[in-house]
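Coordinate analysis (summary)
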2 protein chains.
Amino acid sequence: MKYLHIPYYLRLRDSLAKKIEDGSLLPHSKLPSERDLKDAYDINRVTVRQALMQLESEGLIYRLIRRGWYVSPPRLFYDPTQSISFMDNVRAQGRVPETVILSKTEMAASDWVNRTMGITLGDPVYLLRRRRLIDGRAVLVEHINVNPVLCPGLLDLPLECSLTETLKEQYGIEISRTVINMYPAPLDGTQAEELQVVAGAPCLYLTRASYDQHDNIVEFDQEFWRHDVLEISMEVKNT
Amino acid sequence: MKYLHIPYYLRLRDSLAKKIEDGSLLPHSKLPSERDLKDAYDINRVTVRQALMQLESEGLIYRLIRRGWYVSPPRLFYDPTQSISFMDNVRAQGRVPETVILSKTEMAASDWVNRTMGITLGDPVYLLRRRRLIDGRAVLVEHINVNPVLCPGLLDLPLECSLTETLKEQYGIEISRTVINMYPAPLDGTQAEELQVVAGAPCLYLTRASYDQHDNIVEFDQEFWRHDVLEISMEVKNT
DNA sequence: CATAAATTATGGTCTATACCAGATTTTAAA
DNA sequence: TTTAAAATCTGGTATAGACCATAATTTATG
């Protein structure tokens, strides 16, 4: 029978996780400061940080830079096989969505855009960057590349809402299929700042290529989700 | 113009990431020891560990407990909307799969099994636990719960292969639909050990409920994937 | 030569401390 | 009372070092 020593940092992790689980620490509530935890548990602050970072990596808590640690809200269900918009999906789950336009520009297609969307190198491409919030908390930064040939003047339209709807109503474009890829990746400086997290923080990186009824690639999205936000959920029928 | 100081740990991260990217550090190759890196870069070992853990969280490297740090292989594409088996999927991507049966038992249905699969509390349920490896590296631990009423004697059959195939060939069971959920979670002691990672290490936790042609729930899988293994990929057609 | 014991290597955990940069609160001045 | 300045708080980064437990290598013994 092996002697089972539980590291202090995992004990603190467990202790805090229990409070979160039993509801004594509610979503978005602030945790005691690192120094307070250090005193309360009589362990070193580095050990406290280890526990906090463990909980963070599990998605149970999140940090605001130099402003404390907070309990994460429940994950948002997201079904990639359904075409519900961010706004509608969030609302359907009793949460409050919000969208902030970070920038909208017409740029010259880079090598990457060329390879990804087939737009001729140097030709114009629209880049829309948005931040999405749930209950006031930034959870997603989107980089949306759109082919202007298929929807000229798009950037002059209101862009806080569902782009899919806009493409349909204003341009008669129906998205017939999408190709989605996702994996965990780090946030670089810019997106990290826009999500108010530390550079290098983990995100769920999701790309979505959207094709119209003629199988033209209309839109290529890069989505940088905070890693603690989503629970992917889907039903697959075998035919 | 703000002065941009890059933390030492991120500099080391970047330096190592570059070597991985440009191919001078190949998949599964061993990195220099922490103490060697400390000396080579003239920084503290804790700072080295911070860099290594950053790379680990990004999925670029993995650790073997007390045996060093290694470069991660490329991610495996996994399409949850297709019903290809682990073995076939891995092979199709030029990798070598392997399966190890950890245990197979007939147990009494717990509260959780009752809620999840509708099996009466205390009634028998098969639990099959397997470890899956890619190129000799453990990447997944599966807990597969199966309803014995629908496939009596299953545990006496060879279980290294695709369970879906076995259910079909031996019992005439066709999986008509599956419900899949996935989110990042920590590995607890047992699964961590079975994957040879530290307790609390992040995994992609995936559940799959499989229903037969009569909409009976036949099987409920819990899958604990190392977090650095998969790239989820899918094509969705809008009908 | 094979096996066992001893030594070294390696990552894992923990303490102590210091300094930094930005956020927040308190205090002082207008 | 409001605004600005100073002090404090908070997480972020880094050093130094110690000890631990297990894995790997080397040495000693039969």
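Note that this is a predicted model, so its numbers are computed, not measured.

So, on to the protein's contact with DNA strand C. Lining the immediate surroundings of DNA strand C are 21 residues, of which Tyr8, Thr47 and Arg66 of chain A together with Glu34 and Arg45 of chain B lie closest. Within 4 Å of the protein, the atoms of DNA strand C are drawn from sugar and phosphate moieties in a proportion of 64%. Within the side chain of Tyr9 of chain A, a nitrogen or oxygen atom sits 3.0 Å from a phosphate oxygen of DNA strand C. In this structure, a base nitrogen belonging to DNA strand C sits 2.8 Å away from a side-chain N or O atom of Arg45 of chain B. Breaking the surface near DNA strand C down by element, the ones donating at least two residues are helix H1 (8-21) and helix H3 (45-57) of chain A together with helix H2 (34-41), helix H3 (45-57) and strand S2 (68-71) of chain B. Each residue belonging to the surface near DNA strand C can be placed in one class, and the counts come to seven nonpolar, four polar and 10 charged.

For the rest of this paragraph, the subject is the interface of chain A and chain B. The partner chain B presents 33 residues to the 33 residues of chain A that form the contact. Across the interface of chain A and chain B, roughly 2,900 Å² is buried in total on both sides, 49% from carbon and sulfur atoms. When the area that chain A buries against chain B is broken down by residue, the three leading residues are Met234, Val236 and Asn238 of chain A, summing to 19%. On inspection of chain A and its partner chain B, the count reaches two salt bridges. Among the ionic pairs, Glu235 of chain B bridges to Arg177 of chain A, the shortest N-O distance being 3.2 Å. Taken together, chain A and chain B are joined by 18 residue pairs in polar contact (both at pLDDT 80 or more). Only H1, strand S7 (175-186) and strand S10 (230-237) of chain A provide two or more residues apiece to the side of chain A that touches chain B. With 11 residues, S7 of chain A is the single largest residue contributor to the side of chain A that touches chain B. Classifying every residue of the side of chain A that touches chain B gives 17 nonpolar, 10 polar and six charged.

Turning to the domain arrangement of chain A, a few remarks are in order. Residues and elements named next belong to chain A. By domain assignment, chain A separates into domain 1 (8-71) and domain 2 (76-232). A separation of 32 Å is found between the C-alpha centroids of domain 1 and domain 2. In this complex, domain 1 contributes nine residues to the contact, which on the side of domain 2 involves eight residues. Note on domain 1 versus domain 2: buried area summed over both sides is about 690 Å², and carbon and sulfur give 55% of it. It is His28, Tyr62 and Ile65 that lose the most area in domain 1 upon contact with domain 2, and together they represent 49% of the buried surface on that side. One can count zero salt bridges joining domain 1 with domain 2. Linking domain 1 with domain 2 are two residue pairs in polar contact (both at pLDDT 80 or more), by the criterion used here. Of all elements in the fold, only H3 and strand S1 (61-64) reach the threshold of two or more residues within the side of domain 1 that touches domain 2.

Moving on: the environment of Thr99 of chain A. Residues and elements named next belong to chain A. Tracing the backbone through its elements, the reader meets Thr99 in strand S4 (residues 97-108). When its relative accessible area of 13% is taken as the criterion, Thr99 is described as buried. Residues Thr99 and Ser162, 63 residues apart in the sequence, show an inter-C-alpha distance of 10 Å. Setting aside residues no more than four positions away along its own chain, Thr99 makes contact with Met87, Arg130, Arg131, Arg132 and Glu160. A polar contact of 3.5 Å, which involves the side chain of Thr99, links it to the backbone oxygen of Glu160.

According to the stated counting rule, one finds 12 aromatic pairs over all chains in the structure shown. Ring pairing ties together the aromatic residues Tyr78, Phe86 and Trp225 of chain A, which thus form one cluster. A cation over a ring is seen here: Arg137 of chain A above Tyr62 of chain A, with NZ or CZ 3.9 Å from the ring centre. The side chain of Arg177 of chain B reaches across the aromatic face of Tyr211 of chain B, ending 3.9 Å from its centre.

Strand order in the open sheet made by the eight strands is S3(A)-S10(A)-S7(B)-S8(B)-S9(B)-S6(B)-S5(B)-S4(B), with mixed pairing throughout. In this open sheet, the two edge strands, each paired with only one partner strand, are strand S3 (76-78) of chain A together with strand S4 (97-108) of chain B. Sheet twist, expressed as the average angle between the axes of neighbouring strands with direction ignored, equals 20°. Strand direction decides the pairing type here: S3 of chain A and S10 of chain A, joined by three bridges, are parallel. Residue pairing across strands places Tyr78 of chain A opposite Ile232 of chain A, the latter belonging to S10 of chain A. Helix H6 (residues 163-171) of chain B contacts strand S5 (124-134), strand S6 (137-146), strand S7 (175-186) and strand S9 (217-226) of chain B of the sheet and is inclined by roughly 160° relative to S9 of chain B.

Let us now look at the side chain of Asn145 of chain B. All names here are of chain B. Within the element layout of this structure, Asn145 appears in strand S6. For Asn145, a relative accessible area of 4% translates into the label buried. Residue contacts for Asn145: discarding those within four places in its chain leaves Trp112, Val113, Met117, Val125, Tyr126, Leu127, Val218, Glu219, Phe220 and Gln222.

All right, on to the relation of the copies chain A and chain B then. When chain A is fitted to chain B, the best match, at an RMSD of 0.1 Å, comes from turning it 180° and sliding it 0.0 Å along the axis. Taken together, the rotation and translation describe the operation of a two-fold axis. The share of interface residues of chain A whose copies in chain B are also at the interface is 100%, consistent with both copies meeting through the same surface.

Here we come to the environment of Ala185 of chain A. Residue and element names in this part refer to chain A. Relative to the assigned elements, Ala185 resides in strand S7. Along the chain, Ala185 and Ser103 lie 82 residues apart, while their C-alpha atoms are 23 Å from each other. Leave out the neighbours within four places in its chain, and Ala185 touches Ala201, Pro202, Cys203 and Tyr205.

Procedures and definitions
Residues numbered from 1 in each chain as written. Chains lettered and ligands numbered in written order. Predicted model: local features only at pLDDT ≥ 70, side-chain atom pairs only at ≥ 80, totals over all residues. Heavy atoms only, no water. Near = heavy atom within 4 Å. Polar contact = N/O pair within 3.5 Å; in protein donor to acceptor, adjacent residues only side chain to side chain. Helix = DSSP H or I, 4+ residues; strand = E, 2+ residues; numbered from the N terminus. Nonpolar A, V, L, I, M, F, W, Y, C, P; charged D, E, K, R; others polar. Contact = heavy atoms within 4.5 Å. Buried area = accessible area lost by both parts, 1.4 Å probe. Salt bridge = Lys/Arg side-chain N within 4 Å of Asp/Glu carboxyl O. Domains from an automatic or database assignment. Buried < 20%, exposed > 50% of the residue type's maximum accessible area, 1.4 Å probe, protein only. Phe/Tyr/Trp six-rings, centres within 6.5 Å; stacked < 30°, edge-to-face > 60°. Lys NZ or Arg CZ within 6 Å of the ring centre and 35° of its normal. Pairing = 2+ DSSP bridges. Axes fitted to C-alpha atoms, helices over the stretch in contact; angles between N-to-C directions. Least-squares fit on C-alpha atoms with pLDDT ≥ 70 in both.

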